[in-house]
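# Results of the structural survey
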Amino acid sequence: MDSVFDELYEKYHQDLFQFLFYMVRNREQAEDLVQEVYIKVLRSYDRFEGRSSEKTWLLSIAKHVAIDFFRKQRSFRAKLMNAWKVQDDKALLPEEIAVQREEIQLMYRCLGNCTIDQRLVVVLRFIQGLSVAETAETLGWTESKVKTTQHRALKRLKQQMEEAAKGGWHHEKIPME
Amino acid sequence: MRKFQWNEEEMESLLKQMPPVKDRRSKAAIYEQLAHAKQPKRRGRIVPAVVSVAAACLFVLIGVSLYPSSPTNESKKAKPEMSMTMQAKEVAPNENRTMQADEAPSFSRVLMSGNAVVFGLPDASAQTVIPISIAVEGQTPLNEQLEAAKAELVNLGLDAKWLEGVTFMASRNNEWTVHLSGTHPVFSSGSTGEEMFLASIEETVRWMGGTSVQFFTDAKKGIDLPNTGHLETITIAKKQRAYYLYAPKEGAPTLLAPSPQSFATIEKAFESMQAVSGMFRPSIAKEVHIASVQSQHGDLVVQFTADSSFADSVSSQWMLEAILLTAKEFHFRSVTFTGGNVGNIGPYRWNEKIAVPVAPNPLPVH
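Residues numbered from 1 in each chain as written. Chains lettered and ligands numbered in written order. Predicted model: local features only at pLDDT ≥ 70, side-chain atom pairs only at ≥ 80, totals over all residues.

Before going further, it helps to examine the overall build of chain A. Check the secondary structure of chain A and you find 9 helices and 0 strands. Along the chain direction, N to C, the helices and strands of chain A fall in the order α-α-α-α-α-α-α-α-α. Within chain A, the fraction of its 177 residues that count as buried is 36%. (Helix = DSSP H or I, 4+ residues; strand = E, 2+ residues; numbered from the N terminus. Buried ≥ 20, exposed ≤ 12 C-beta atoms within 10 Å, placed from the backbone.)

Here you go:
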């Protein structure tokens, strides 16, 4: 086994996987994308200059992979397929989420309604636990942009949560994946 | 007690409580998949580098399509005074008549010869992108062609604004660059607008024979789309598409629209042309049955069953044109229609090789 892979896996694999999972909200897609991240990382590892931390470098590559995935998703084929899958998407929750209390389930569903930028910030800041500075480094943004996007994301999530709550979300029975 | 309101701190707290989600695969399994996946993808990795190099090379502003003319347009042999007889079986009495084919060519949805510029344009409701072609004579800049055609495109229910002020340039290796200004409407168009813009660019470059696109905003490399993120290059995916019928808006003329998906075989593409539903309409009527499809040295022989029933000449002509365009997608040079107890439909004669069209949906559209 490649020693670089071995080391990266031990240090960062679950973080990378979790980041991609919450971005694409699909276990199988996250599995495929984390493979892509490793392929990119292993090819460019020699060129890693250590200007940023290894973790933010890896996450920035994962970010590019996720954005590329979303771009492909927005092809018309995917758009059509997604239109047909709306019902499934609403009905199914991953096992880890489905066993959580309703507020957490609702938050997971509302995350899907954020823009990609907003989701990036929310996942990095609150689920990955990165600081504003680390998030800015990962995304290649200014700290000010991170803060603004974070503010908008939380506002949007709050609005979505409250609308869903008023709409009777607590009455829904959400089956497991 | 259930909550109906949250403050910002509570929102942050909830997000921090999102459960950890772990990859259930073992390290060894991931490494094995990685080792397996690394080989075939290596070749593809060269492309972005090539694009970057190409960007530094000499670009040639292309104003007309790279598509060559179809010098052997065998369908030209069809004479305007030809007529077709409708098949009696399963056709209503008032439709069981001899139709004059000389009306049909004006409703053609394909350009059979010459040169064309093809634009991929979204419909006004942003559901799909339709390729529209403009026959060109001489070296007319693409943007001028678009400007001249704009009013007509709006009447057709298509949205031309995404390609306004966009400059397409080609290098020698079918790698294209697209330049736009920082004030282009795509930057404030939302996620759907961004999607439509990218799809329009992809479709336009696809018809130019391009394999990739590199973006520049003003003089800066890449585009920063608020929802999509930073994009420098897109690769034009190779696709083999079917063609369906599509009316962009109520009362607008019917156009031929490529399928969003690619098909492995032309048989599968034809099946979808009969079965498609939703925003598209089938281009092959359910009363028409294809008995066999054979490839003969670049010619596709499509044989209809004897019990096939062809509807009115216009929709039957569009069916043949959809088949011709689909054959072009699968790299056939010509199509021969046989069977079905028909001598010709519109200008298309049976048992003769018909060269695949140059482009779909030529303007003006009637």
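Read on for the rest.
It is worth spelling out the packing of helix α8 (residues 132-139) of chain A against helix α9 (residues 143-166) of chain A at this point. A pair of packed helices is characterised by two quantities: the angle between their axes and the separation of those axes. Residue and element names in this part refer to chain A. Axis separation between α8 and α9 bottoms out at 8 Å; the angle between their running directions is 105 degrees. By the angle between their axes, α8 is roughly perpendicular relative to α9. Contact with α8, carried on its side by Val132, Ala133, Thr135, Ala136 and Leu139, involves Glu143, Val146 and Lys147 of α9 and no other residues of that element. For the contact of α8 with α9, the per-class residue count stands at 5 nonpolar, 1 polar and 2 charged. (Axes fitted to C-alpha atoms, helices over the stretch in contact; angles between N-to-C directions. Parallel < 35°, antiparallel > 145°, perpendicular 65-115°, else oblique. Contact = placed C-beta atoms within 7 Å. Nonpolar A, V, L, I, M, F, W, Y, C, P; charged D, E, K, R; others polar.)

Chain B puts 37 residues into the contact, and the matching count from chain A is 42 residues. Mapped onto the side of chain B that touches chain A, the elements with two or more residues apiece are α1 (8-16), α2 (27-44), α5 (190-207) and β12 (229-231) of chain B. Broken down by element, the residue count for the side of chain B that touches chain A peaks at 7 residues, all from α2 of chain B. Counted by class, the side of chain B that touches chain A contains 16 nonpolar, 9 polar and 12 charged residues.

Residues and elements named next belong to chain B. Within the secondary structure, Ala311 sits in the loop between β17 (299-304) and α7 (313-329). On the basis of neighbour count, Ala311 is assigned to the partly exposed category, with 17 C-beta atoms found within 10 Å. Considered as a pair, Ala311 and Ala285 are 26 residues apart in the sequence and their alpha carbons are 8.0 Å apart.

On to the pairing of strand β14 (residues 243-246) of chain B, then. Residues and elements named next belong to chain B. Because side chains alternate across β14, one face comprises the buried residues Tyr243 and Leu245, and the other comprises Tyr244 and Tyr246, equally buried. Of the strand pairs in this sheet, β14 and strand β15 (residues 255-258) are connected by 4 bridges, and their pairing is antiparallel. Counterpart to Tyr243 in the pairing with β15 is Pro258. (Pairing = 2+ DSSP bridges.)

Now for helix α2 (residues 27-44) of chain A. Its 18 residues give α2 of chain A an end-to-end C-alpha distance of 26 Å, which sits within 8% of 26 Å, the value for a rise of 1.5 Å per residue. Taken as a whole, α2 of chain A has its buried residues at Ala30, Leu33, Val34, Glu36, Val37, Tyr38 and Val41 of chain A. (Expected span 1.5 Å × (residues − 1).)

Residues and elements named next belong to chain A. For chain A, the mean per-residue pLDDT works out to 80, and 79% of the residues sit at or above 70. Model confidence for chain A, summarised as mean pLDDT per element, is weakest for helix α4 (residues 76-91) at 41 and strongest for helix α7 (residues 116-127) at 94. Here residues 76-91 scores under 50 on pLDDT; set against residues more than four positions off or in separate chains, the count is 11 contacts. Segment residues 169-177 is flagged for pLDDT under 50; beyond a separation of four residues in sequence, or across chains, it makes 18 contacts in the model. (pLDDT = per-residue confidence, 0-100.)

Time to look at the environment of Thr233 of chain B. Tracing the sequence through the fold places Thr233 of chain B in strand β13 (residues 233-235). The spatial distance from the C-alpha of Thr233 of chain B to the C-alpha of Phe216 of chain B is 9.5 Å, given a sequence separation of 17 residues.

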